[in-house]
Amino acid sequence: MGLGSRILSELVERAYALGLDRLFCLTFETRFFAKHGFREVEERIIDDATFHEILRSPDMGVHEFHELPYLKPNTLGNTRMIRELHEAA
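The structure reproduced in this document is the subject of the present report. Worth saying up front: this structure is predicted, and the values here are computed from it rather than measured.

## Thoughts on the packing of aromatic side chains
For step 1, the next point in the chain: All told, the structure shown has 2 aromatic pairs when counted by the stated rule.
For step 2, the next point in the chain: The interplanar angle of 90° and the centroid separation of 5.1 Å between the aromatic rings of Phe32 and Phe33 together place this pair among those described as edge-to-face.
For step 3, the next point in the chain: Classification of Phe33 by relative accessible area gives buried; the value is 15%.
For step 4, the next point in the chain: Ring plane angle 80° and centroid distance 5.2 Å describe the contact between Phe33 and Phe38, whose orientation is recorded as edge-to-face.
For step 5, the next point in the chain: Ring-pair connections join several aromatic residues into one group, and the members of that group are Phe32, Phe33 and Phe38.

So this is what it looks like as structure tokens:
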């Protein structure tokens, strides 16, 4: 039915409207997200200042995405993926 694609397209449109530079997800559905422009990431994708700001964040999803050392390891085996919304300058 394409419902997942329609939902994701709406989220991407909203991200553009908000002026976001990228979107990320934790997923088991890597083929689905790859089809929509996401790529798998393993390296740290943020600068040091942002990393230290995240350390103060109460959002455990953000912490898990960046594999902060004081969290449990990714035992579920989901994949980190990112989609760049704007090309690097």
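Don't stop here, the text continues.
## Looking at helix H1 (residues 3-18)
For step 1, the next point in the chain: Counted at 1.5 Å a residue, the expected span for H1 with its 16 residues is 22 Å, and the 23 Å between its end C-alpha atoms agrees.
For step 2, the next point in the chain: Check the buried side of H1 and you find it contacts strand E1 (22-27), helix H2 (30-35) and strand E3 (79-84).
For step 3, the next point in the chain: Of the residues one or two after H1, Gly19 is the one with positive phi, at around 80°.

About the cut-offs
Residues numbered from 1 in each chain as written. Predicted model: local features only at pLDDT ≥ 70, side-chain atom pairs only at ≥ 80, totals over all residues. Heavy atoms only, no water. Phe/Tyr/Trp six-rings, centres within 6.5 Å; stacked < 30°, edge-to-face > 60°. Buried < 20%, exposed > 50% of the residue type's maximum accessible area, 1.4 Å probe, protein only. Helix = DSSP H or I, 4+ residues; strand = E, 2+ residues; numbered from the N terminus. Expected span 1.5 Å × (residues − 1). Contact = heavy atoms within 4.5 Å.

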